[in-house]
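Coordinate analysis (summary)
If you want the building blocks of each chain, they are given just below.
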Amino acid sequence: MTAQALRRTRIDLTQRPFIVIWEATRACTLACRHCRATAAPHRDSDELTTLQAFALMDEVATFGSPPPFGSPPPFFVITGGDPFERPDLLELVSYGSAIGIPVAVSPSGTAALNRANLSRVYAAGAHAISLSIDGATPDTHDAFRGVAGSFEHTVRGWREACEIGLKVQINTTVTPDNIAELPDILAMIAERGALTWSIFFLVPTGRGEHLRQLTAEQAEDVLNFCYDADKIVALKTTEAPAFRRVCIQRTICEELGLDPVVELGLGEDYRRLSQRLSGGASITSRLRRPPVQVSAARGFVFISHTGEVYPSGFLPLSAGNVCETSLSDLYRSSDLFVSIRDTDAPHGRCGRCEFRAVCGGSRPRAYGATRDLYADDPLCAYTPASFGHAQEVADAIDWGTGSTTTAPPQRPTTTRRPR
């Protein structure tokens, strides 16, 4: 393949994460319909203390290695709840920055998201923030977030963060209620500017357990829209490892001159979304941000407000607690993490799929839907071997997986529920 459908990483994702997400608190004044944390108005007395948080960041820093041939520590994202509910937030950001960790903050769209607070976070050393825009209008966004005015706070905070000098990532959780507004959100991002657009595909956990889900066919259409949108703004997906498959398929279609609508059997949602795609934005011939093989337990680790370590914030199975076991041991060697990294562990379609080495399906979604960690990802509509073009697919997978090696993993023997 002449075009690059995937990106390689320069690090071994079995040995160190690409990104560490820390849920600093579950306190938040919003009442988001999909909240995986079931956030509450007040802080939990069992939250990691300031000193425990410093110790956690010290551990994250050890994942890096010194120059000239080393790599920087993982990205460290302080999320929640709402991080602004922690009175020591500036101390945390300052400490992480001082020990060389690239720190980002993920605040909620509330009145606390204002220029003064953003300026303090920036001065303390944060290099980026992520904000959620879940609709192109206040009605759609505020209904999803559960509080009137959230859209206004978020859009204002977005503008002020850019003016201050913070890089901004925009997150959007796609549901049947906002799918039609994705082109409008894309137009907002293209106009206002953002480092990345991250599309979240809902996992049935927390408050989101009973929300309406996309169908597998809708998800396929949205993933193909994401491929097109990535030629306008840099884009990534969360809990949609099938996006890597779609990028390979679409790149092959482009190189062979095939119509993706026909070749991939795309539906009406894709047709409607693609017709409203550009909005006057500049479309490149290649992806601005080809995806890397970062997903639950592979380059990604989530740490709860009490120190429990999860492969994903959407998978309620803990490998252990950082107050009892080192983060590096849990990430590298715990049965849970090692097993999820085994792309041959899933059964059913995911286990037979020729794309499993770069996809593997969303293990959190499989678990959320079936309580079977190795079941099929219910949001994937792909039938193994139906795409064909075996040599082109094999070449693209070899490229995407060529930078790391993986020791033979074992299935987990024990896992722990969150405390």
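Preceding this section is the structure that the text describes.
Let us look at the structure shown here. (Residues numbered from 1 in each chain as written. Predicted model: local features only at pLDDT ≥ 70, side-chain atom pairs only at ≥ 80, totals over all residues. Heavy atoms only, no water.)

1. Quick look at the nonpolar core
Residues Trp22, Trp197 and Phe201 are the most contacted members of the largest nonpolar core, which totals 87 residues. The contacts of Trp197, once residues within four sequence positions are left out, are Ile170, Thr172, Leu182, Ile185, Leu186, Ile189, Phe225, Ala229, Val233, Ala234, Leu235 and Lys236. With 18 residues, the next largest nonpolar core counts Cys253, Val358, Tyr382 and Ile397 among its residues. (Core = buried A, V, L, I, M, F, W, Y, C linked by side-chain atoms within 4.5 Å. Buried < 20%, exposed > 50% of the residue type's maximum accessible area, 1.4 Å probe, protein only. Contact = heavy atoms within 4.5 Å.)

2. Quick word on the packing of aromatic side chains
In the structure shown here, the tally under the stated rule is seven aromatic pairs. With a centroid separation of 6.3 Å and an interplanar angle of 75°, the aromatic rings of Phe63 and Tyr331 are classed as edge-to-face. Within this pair, whereas Phe63 is found in the loop between helix H1 (50-62) and strand S2 (75-79), its partner Tyr331 is found in helix H11 (residues 327-333), the two being separated by 268 residues in sequence. Both residues of the pair, Phe63 and Tyr331, count as buried. A centroid spacing of 5.6 Å and a plane angle of 80° characterise the contact between Phe355 and Tyr382, whose relative ring orientation is edge-to-face. (Phe/Tyr/Trp six-rings, centres within 6.5 Å; stacked < 30°, edge-to-face > 60°. Helix = DSSP H or I, 4+ residues; strand = E, 2+ residues; numbered from the N terminus.)

3. Quick notes on the packing of H1 against helix H2 (residues 89-98)
When two helices pack together, their arrangement is captured by the angle between the axes and the distance separating the axes. Relative to each other, H1 and H2 sit at 25°, their axes nearing to 10 Å. By the angle between their axes, H1 is roughly parallel relative to H2. In terms of crossing hand, the pair formed by H1 and H2 is right-handed. Here Thr50, Ala53, Phe54, Met57 and Asp58 of H1 lie close against H2, whose contacting residues are Glu91, Leu92, Tyr95 and Gly96. Across the contact of H1 with H2, the residue classes tally to five nonpolar, two polar and two charged. (Axes fitted to C-alpha atoms, helices over the stretch in contact; angles between N-to-C directions. Parallel < 35°, antiparallel > 145°, perpendicular 65-115°, else oblique. Left-handed = near helix turned anticlockwise from the far one by under 90°. Nonpolar A, V, L, I, M, F, W, Y, C, P; charged D, E, K, R; others polar.)

This is a description of form; function is not addressed.
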